[in-house]
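Summary of the model geometry
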Amino acid sequence: MTEELPWWREATIYHIYPRSFQDSDGDGVGDLQGIINRLDYLNDGTEHSLGVDAIWLSPIYPSPLKDFGYDVSDFTDVDPTFGDLATFDRLVEEAHRRQVRVLIDFVLNHTSDRHPWFLDSRASATSARRDWYIWRDPAPDGGPPNNWNAVFGGPAWEFDAATGQYYLHSYLPEQPDLNWRNAEVVEAMGDVLRFWMRRGVDGFRLDAVGRIAKHPDLADNPVNPAHVPGGPEPPFLIDHNYLHPDGTEMVRAVRRVLDEFPDRVAVGEVYAPLRELSHFYGAPALDGLHLMFNFQLIRKTPSAPFIPWNASSVAAAILEAEEDLPSGTQACFALANHDVPRFITRHDADGAGEQRARAGTLLLLGLRGTPCLYYGEELGMRDVPVPPGQAVDPVGRDGARTPMPWDGSPGRGFTEASPWLPFGPPAINVAAQRDDPESFLSLVRRAIHMRKGEASLRRGSLHTLRVVDDSVVVFTREATGARPALVALNCASLQREIDVEPRFSRLLLASASGVELVDAGHGARRWRLPALSAAWFVH
Ligand code: NOJ
Ligand code: MG
């Protein structure tokens, strides 16, 4: 008998950046009705569609757009650019009709400085909501209360002349941090979760959850003597505004609210080695977040360099996930998102980024955990150069957020108007790839459906991880009552041969042509893998 797992343990998640998926009202910006119109692409119940099980929408709340929706001015409404609550309800209904769950972003570390809570908090030092944010007197010299820096640069403190105090902002000055040590904040944010769950939302992606607990004393960060401005070393040895252990209790409070409703999921966003974020799962009771993103195939920390595509880095990331996660948990793996350059762009120095991306897809969907795919990656989208006059994001992430190309027409099937960000080359689009069995889209579609049909890949444990010839990562996936699968990823720019157990005698799927059985003798199977390819094998 196979154990019934919660839906999110076996799901494939698709991450939508709503401004860029589909415009339905001719303003050049994607919207909720647009997403509804494209749901059949994501899952129409047949193998013609991608077959994803859930979508996660980046923020759709009213926002002054200083940080493109991550500065929320109302947690319980939809920005008119995207539609309204009635359209949101229809989106949930239409998604559910297609067995697609809906996750939304829960931006819990901060609000917009236009949020009524902050307007009230800043109105006077004695406002009822003063303590909902983090206010401190200036240092004796009149400067910021401590040496913390904002993620987006500059000090993490902004002076408010009217009340003579500074407020803390981990990101932009227009994104004041909420005070999660204040019980009223916890309660109010719990009500936000309830509001959306009553509307049928299946889960939340917890934005910047690693920052909600600050060091209670707001102590100075110890300065790193090795740091040189612009150099690789971080400015601080410890960041007291990141990953404080009190965060575990705070996410438990979030979890208790989710548990008021059946089958909901919380996915945490933190860039850190898994060892440092595993406490968010609430082990051993596992009463914290259900899933944490694993960004170890992207970068180790928010400011670290991108992970190179080689066997030792990839194997280390997988090994870490197996060794450092609390038992009974799994990660949510991602190869791309709206904060980093697209996969191909990160791995294209020699022009072979697309081959790596195709192989990366089979890795992502072959790993133990919940895979999360960023929109457009299934087409091999690259970052689109955005001319300075058109750039809108304060920290340069526009290139990875450009509109989804549905066809090769001037508006790419995305809009009738001029798009809010430029399109990439017309050749990369859904229509051009849909019926081509060799296309990137066809590969991703096949991989998602095969994973669904292969219990070992969907839910199996991961075994015998090894690196062959410094270039091929190999591991097996095994689930009770199901045939095992073997995943092999060749990171080398040359073909490689690997010897595997005879039970892996059949090729299930490959990212490139030319995977061949070269020898079936000697009690092993020897497979040849083309350069930069990946493959799945079964019996
Ligand atoms: C992480 C989000 O993914 C990013 O887009 C945003 O700028 C920061 N958190 C702040 O909310
Ligand atoms: Mg629109």
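Note that the coordinates shown come from a computational prediction; the quantities given were computed from them, not determined experimentally.

For the protein, the helix and strand inventory stands at 13 helices and 19 strands. Taken over C-alpha atoms, the radius of gyration comes to 23 Å for the protein, in line with the 24 Å a tight globule of 539 residues would show. For the C-alpha atoms alone, the extent of the protein along its principal axes is close to 80 × 50 × 50 Å. In the protein, buried positions account for 59% of the 539 residues. The long-range fraction of contacts in the protein, counting pairs at least 24 apart against all pairs at least 6 apart in sequence, stands at 69%.

Below, the discussion takes up the site of ligand 1. In the vicinity of ligand 1, the contacting residues are D67, Y70, H110, F152, Y171, R205, D207, E269, H338, D339, R397 and R401. In the model, an oxygen atom of ligand 1 is placed 2.7 Å from a nitrogen or oxygen of the D207 side chain. At 3.0 Å, a side-chain N or O of R397 approaches an oxygen atom of ligand 1. Against a free-state accessible area of 300 Å², the protein chains account for coverage of 97% of ligand 1. The class makeup of the residues in the shell around ligand 1 is three nonpolar, two polar and seven charged.

Reading across from one edge, 4-6-5 is the order of the three strands in this open sheet, with antiparallel pairing throughout. Two strands bound the open sheet, and with one partner strand each, they are strand 4 (135–136) and strand 5 (157–160). Direction of pairing for strand 5 relative to strand 6 (residues 165–168): antiparallel, over a ladder of four bridges. Bridge pairing in strand 6 links D160 to Q165.

Position of Q296 relative to the elements: it lies in the loop between strand 9 (291–294) and helix 8 (311–324). A residue is classified by how much of its surface remains accessible, and Q296, at 2% relative accessible area, is buried. In terms of polar contacts, Q296 uses its side chain to reach the backbone carbonyl oxygen of A272, at 2.9 Å. Once you skip the residues sitting within four places of it in the chain, Q296 turns out to touch A272, P273, L274, I307, A317 and E320.

Let's shift gears to the coordination of the magnesium ion (ligand 2). Around a metal, the ideal angle is 109.5 degrees if four donors adopt a tetrahedral arrangement and 90 or 180 degrees if six donors adopt an octahedral arrangement. On the protein side, the magnesium ion (ligand 2) has D23 (OD), D25 (OD), D27 (OD), V29 (O) and D31 (OD) as donor atoms, found 2.1 to 2.2 Å from it. Counting the intervening residues between successive donors of the magnesium ion (ligand 2) yields the motif D-x1-D-x1-D-x1-V-x1-D.

Looking now at the nonpolar core. Counting 144 residues, the largest nonpolar core has Y14 and Y41 as the members making the most contacts within it. In terms of nonpolar packing, the next biggest core, distinct from the first, is built from 14 residues, A488, I498, A510 and F537 among them.

This paragraph deals with the packing of helix 10 (residues 353–364) against helix 12 (residues 440–453). Where helix 10 contacts helix 12, the two axes come as close as 10 Å, and the packing angle between them is 10°. One finds that helix 10 runs roughly parallel with respect to helix 12. Across the interface between the two elements, E354, A357, R358, T361, L362 and L364 from helix 10 touch F440, L443, V444, A447 and R451 from helix 12. When the residues that make up the contact of helix 10 with helix 12 are grouped by side-chain class, the tally is seven nonpolar, one polar and three charged.

The next thing to look at is the domain arrangement of the protein. For the protein, the domain assignment lists domain 1 (7–110 + 182–452), domain 2 (116–168) and domain 3 (460–538). On a C-alpha basis, the centres of domain 2 and domain 3 stand 56 Å from each other.

Before going further, it helps to examine the pattern of salt bridges. Between side chains of opposite charge, pairing is possible as soon as their charged atoms come close. The tally for this structure, following the rule as stated, stands at 38 salt bridges. Linking R397 and D339 is a salt bridge whose minimum nitrogen-to-oxygen distance equals 3.1 Å. Placement of the pair is R397 in the loop between strand 11 (370–374) and helix 11 (430–434) and D339 in the loop between strand 10 (331–334) and helix 9 (343–346), with a sequence separation of 58 residues. The residue D393 makes a salt bridge to R397 at a minimum N-O spacing of 2.9 Å. What you see here is one network of salt bridges that share partners, running through D67, D339, D393, R397 and R401.

What counts and what doesn't
Residues numbered from 1 in each chain as written. Chains lettered and ligands numbered in written order. Predicted model: local features only at pLDDT ≥ 70, side-chain atom pairs only at ≥ 80, totals over all residues. Heavy atoms only, no water. Helix = DSSP H or I, 4+ residues; strand = E, 2+ residues; numbered from the N terminus. Rg over C-alpha atoms; globule rule 2.2 N^0.38 Å. Buried < 20%, exposed > 50% of the residue type's maximum accessible area, 1.4 Å probe, protein only. Contact = heavy atoms within 4.5 Å. Near = heavy atom within 4 Å. Polar contact = N/O pair within 3.5 Å; in protein donor to acceptor, adjacent residues only side chain to side chain. Areas by Shrake-Rupley, 256 points an atom, 1.4 Å probe, with all protein chains shown as cover. Nonpolar A, V, L, I, M, F, W, Y, C, P; charged D, E, K, R; others polar. Pairing = 2+ DSSP bridges. Donors = N, O, S within 2.8 Å, 3.2 Å for Na, K, Ca; no water. Core = buried A, V, L, I, M, F, W, Y, C linked by side-chain atoms within 4.5 Å. Axes fitted to C-alpha atoms, helices over the stretch in contact; angles between N-to-C directions. Parallel < 35°, antiparallel > 145°, perpendicular 65-115°, else oblique. Domains from an automatic or database assignment. Salt bridge = Lys/Arg side-chain N within 4 Å of Asp/Glu carboxyl O.

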